[in-house]
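Okay, here's what each chain looks like letter by letter:
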Amino acid sequence: GASCSPAEETPTVHGGRKAVKNSYKSGGGAGGCGFGWGSPYLPTAGYFNAKGTLGLEFWGKAPRGAGFQFTIKEAKANGGDEEVWLAPASNGTGAWKKYFIPFDAFSRGIYSGNQGGDDVLERGSVGSIEVQMDPKQGDGDLYLDDIYFK
């Protein structure tokens, strides 16, 4: 089956001193694996406020053609109702690439999160960000750096 190692800091970076590395084995089944992280603001506020931003920007490095997808989970605070929002799929190029995913390209998840929510991506209530690797694409490493709400 598919498996992802816990995301770890790595000196393989696009810029600065540290980035995130996730090693994955996509397996041969219908589902891939994923990993995620919450905001450092969660312990006190319970969410990260990205209100006023237009989307998610990051630098990624993945094997050429490797498919991955970002998700945003809303917190249950500051107007959020725990919906899950899916970005369009992205693909690796084998080298560092800058990605920008506008919020209006995200769609509400129909299999996870609050299905009775308000169908609005609450930018002011980001609880966590996750990345899902596509199934049946072999083994590899995904590197992420310079992740921002822009």
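Everything numeric in this text was worked out from a predicted model, so none of it was measured.

A.B. asks: Before we move on, can you summarise the nonpolar core with the specific residues and values?
C.D. replies: Formed by 25 residues in total, the largest nonpolar core has its most connected members in Phe-58, Phe-68, Phe-70, Phe-106, Val-131, Leu-142 and Phe-149. At the level of secondary structure, the elements contributing two or more residues to this core comprise β5 (55-61), β6 (67-74), β9 (97-102), β11 (126-133) and β12 (139-149). Counting residues per element, this core draws most heavily on β11, which supplies four residues. Dropping the residues within four chain positions of it, Val-131 is found in contact with Cys-33, Gly-34, Phe-35, Trp-37, Phe-68, Gln-69, Phe-70, Leu-142 and Leu-144.

A.B. asks: Can you break down the side chain of Glu-83 residue by residue, with the values?
C.D. replies: In this fold, Glu-83 is placed in strand β7 (residues 83-86). Arg-108 provides the closest opposite charge to the buried, unpaired Glu-83, separated from it by 4.0 Å. Engagement of the side chain of Glu-83 in a polar contact is seen with the backbone nitrogen of Asp-119, the distance being 2.8 Å. Excluding residues that lie within four positions of it along the chain, Glu-83 makes contacts with Ile-72, Lys-73, Glu-74, Arg-108, Asn-114, Gly-117, Asp-118, Asp-119 and Val-120.

A.B. asks: Quick rundown of the packing of aromatic side chains? Include the residues and the values.
C.D. replies: For the structure on display, the rule yields nine aromatic pairs. Between Phe-68 and Tyr-99 the ring centres are 5.7 Å apart and the planes differ by 75 degrees, which places this aromatic pair in the edge-to-face class. Note that Phe-68 is positioned in strand β6 and Tyr-99 in strand β9, a separation of 31 residues in sequence. This pair shows no difference in class: Phe-68 is buried, exactly as Tyr-99 is. Members of the aromatic cluster, joined through ring pairs, are Phe-48, Phe-103, Phe-106 and Phe-149. In this structure, Lys-150 packs its charged tip against the face of Tyr-148, placed 5.4 Å from the ring centre.

A.B. asks: Give me the lowdown on the pattern of salt bridges, citing residues and values where you can.
C.D. replies: This structure, assessed with the given rule, holds six salt bridges. The residue Lys-98 makes a salt bridge to Glu-57 at a minimum N-O spacing of 3.9 Å. Taken as a pair, Lys-98 in strand β9 and Glu-57 in strand β5 lie far apart in primary sequence, 41 residues in all. Look at the salt bridges and you will find they share partners, linking Glu-57, Lys-98 and Lys-150 into a network.

A.B. asks: Give me the state of the cysteines: which residues, what numbers.
C.D. replies: In the structure shown here, the tally under the stated rule is one disulfide. Put simply, Cys-4 and Cys-33 are joined by a disulfide, and their sulfur atoms are 2.0 Å apart. Handedness here is read from the sign of the S-S torsion; for Cys-4 and Cys-33, about 65 degrees, the answer is right-handed. With Cys-4 in strand β1 (residues 3-4) and Cys-33 in the loop between β3 (19-25) and β4 (34-38), this residue pair connects regions lying 29 residues apart in the sequence. What makes Cys-4 partly exposed here is its relative accessible area of 21%. Classification of Cys-33 as buried rests on a relative accessible area of 7%.

A.B. asks: Residue-level account of the side chain of Thr-10, with values.
C.D. replies: Summarising the element assignment, Thr-10 is placed in strand β2 (residues 8-10). The class of Thr-10 is buried, set by a relative accessible area of 8%. Setting aside residues up to four positions removed in sequence, Thr-10 forms contacts with Arg-17, Lys-18, Ala-19, Val-20, Lys-21 and Tyr-143.

A.B. asks: Explain the pairing of β12 to me, and be specific about the residues and the numbers.
C.D. replies: Bridge count for β3 against β12 is six bridges, and the pairing is antiparallel. The residue bridging Lys-21 from the neighbouring strand is Tyr-143, located in β12.

Criteria and thresholds
- Residues numbered from 1 in each chain as written.
- Predicted model: local features only at pLDDT ≥ 70, side-chain atom pairs only at ≥ 80, totals over all residues.
- Heavy atoms only, no water.
- Core = buried A, V, L, I, M, F, W, Y, C linked by side-chain atoms within 4.5 Å.
- Buried < 20%, exposed > 50% of the residue type's maximum accessible area, 1.4 Å probe, protein only.
- Helix = DSSP H or I, 4+ residues; strand = E, 2+ residues; numbered from the N terminus.
- Contact = heavy atoms within 4.5 Å.
- Lys, Arg positive; Asp, Glu negative; His and termini not counted.
- Salt bridge = Lys/Arg side-chain N within 4 Å of Asp/Glu carboxyl O.
- Polar contact = N/O pair within 3.5 Å; in protein donor to acceptor, adjacent residues only side chain to side chain.
- Phe/Tyr/Trp six-rings, centres within 6.5 Å; stacked < 30°, edge-to-face > 60°.
- Lys NZ or Arg CZ within 6 Å of the ring centre and 35° of its normal.
- Disulfide = S-S within 2.5 Å.
- Pairing = 2+ DSSP bridges.

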